[in-house]
Amino acid sequence: RKEVEQDPGPFNVPEGATVAFNCTYSNSASQSFFWYRQDCRKEPKLLMSVYSSGNEDGRFTAQLNRASQYISLLIRDSKLSDSATYLCVVNSPRGTGFQKLVFGTGTRLLVSP
Amino acid sequence: DAGVIQSPRHEVTEMGQEVTLRCKPISGHNSLFWYRQTMMRGLELLIYFNNNVPIDDSGMPEDRFSAKMPNASFSTLKIQPSEPRDSAVYFCASSGRAGVGYEQYFGPGTRLTVT
């Protein structure tokens, strides 16, 4: 089983729609969670961190469910510019105290006019 | 502020040649990561350094791959000899101390093609 799993999509939505992605993780010791965005032929860029209480950044809302070990990302009022691949990222603690981030394979979003 | 800098941005080489990829992390960051991304396998962590010391190289595919970090502002990833299956985008990322929550910031990547 992969440490981080995502639906690869693609999710095809019209402009203005609301879309949600889920991601599950297997390491119950994980403490840090992120969503990254990757445009075609570009590097991954941090979109937002995910906090236990849930957090919102403009049209984007992230939620964490520790009991079920899943993370979600909600995008409201989708824009054409939101078309990208969204990577779910979870830290994987090591006994040495060092952290490693594990990246999901990404969910592709296509927003059409 | 300058982000992570990688060079070259594109590299085309013939099988058997040595390839060296370079990375300059964000100033003040103490962790550096090398990743490889392909369509088939996604983003794979190859190796990471903390305070210039290699901590985990379990992702390095085989002995043909080696990485060094001689100082806090420079790292190299070397492939020798290169093979067509090494064709991928190689990203370098850096991260600050624990206080920033371990977010990683990626460079623009090096697109490697081995023919």
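The rules behind the values
Residues numbered from 1 in each chain as written. Chains lettered and ligands numbered in written order. Predicted model: local features only at pLDDT ≥ 70, side-chain atom pairs only at ≥ 80, totals over all residues. Heavy atoms only, no water. Helix = DSSP H or I, 4+ residues; strand = E, 2+ residues; numbered from the N terminus. Rg over C-alpha atoms; globule rule 2.2 N^0.38 Å. Disulfide = S-S within 2.5 Å. Buried < 20%, exposed > 50% of the residue type's maximum accessible area, 1.4 Å probe, protein only. Contact = heavy atoms within 4.5 Å. pLDDT = per-residue confidence, 0-100. Pairing = 2+ DSSP bridges. Axes fitted to C-alpha atoms, helices over the stretch in contact; angles between N-to-C directions.

## Regarding the overall build of chain A
Inference 1: When helices and strands are counted, chain A shows zero helices and 11 strands.
Inference 2: When the elements of chain A are put in sequence order from the N terminus, they spell out β-β-β-β-β-β-β-β-β-β-β.
Inference 3: At 14 Å, chain A has a C-alpha radius of gyration in line with the 13 Å of a compact globule built from 113 residues.
Inference 4: Counting only C-alpha atoms and orienting by the principal axes, one finds that chain A spans roughly 50 × 30 × 25 Å.

## Quick word on the state of the cysteines
Any covalent bond linking the sulfur atoms of two cysteines counts as a disulfide.
Inference 1: Taken as a whole and assessed by the stated rule, the structure comprises two disulfides over all chains.
Inference 2: There is a disulfide in this structure between A:Cys23 and A:Cys88, and the S-S distance comes to 2.0 Å. Classification of the bridge connecting A:Cys23 and A:Cys88 rests on its S-S torsion, roughly -70°, and on that basis the disulfide is left-handed. Pair noted here: A:Cys23 is in strand β3 (residues 19–25) and A:Cys88 is in strand β9 (residues 84–93), with a separation of 65 residues, a long-range link.
Inference 3: Under the relative-accessibility criterion, A:Cys88 is labelled buried at 0%.
Inference 4: At a sulfur-sulfur separation of 1.9 Å, the disulfide partner of B:Cys23 is B:Cys92. The S-S bond linking B:Cys23 to B:Cys92 shows a torsion near -65°; that makes this disulfide left-handed. Of this pair, B:Cys23 sits in strand β3 (residues 19–24) while B:Cys92 is found in strand β9 (residues 88–95), placing the two residues 69 residues apart along the sequence. This pair shows no difference in class: B:Cys23 is buried, exactly as B:Cys92 is.

## Re the environment of A:Thr24
Inference 1: Structurally, the position occupied by A:Thr24 is in strand β3.
Inference 2: Excluding residues within four positions of it along the chain, A:Thr24 makes contact with A:Arg1, A:Glu3, A:Val4, A:Glu5, A:Gln69 and A:Tyr70.

## Brief notes about the confidence of the model for chain A
Inference 1: When the pLDDT values of chain A are averaged, the result is 92; 95% of them are 70 or greater.
Inference 2: Ranking the helices and strands of chain A by mean pLDDT puts strand β11 (residues 107–112) of chain A first, with 97, and strand β10 (residues 99–103) of chain A last, with 82.

## Comments concerning the sheet that holds strand β7 (residues 65–71) of chain B
All names here are of chain B.
Inference 1: Read across the sheet, four strands follow the order β1-β3-β8-β7 without closing on themselves; strand pairing throughout is antiparallel. Of all strands in the sheet, those with a lone pairing partner are β1 (5–7) and β7, marking the two edges. Mean inter-strand twist for the sheet, computed between neighbouring axes without regard to direction, equals 15°.
Inference 2: Sheet topology note: the β1/β3 ladder contains three bridges and is antiparallel.

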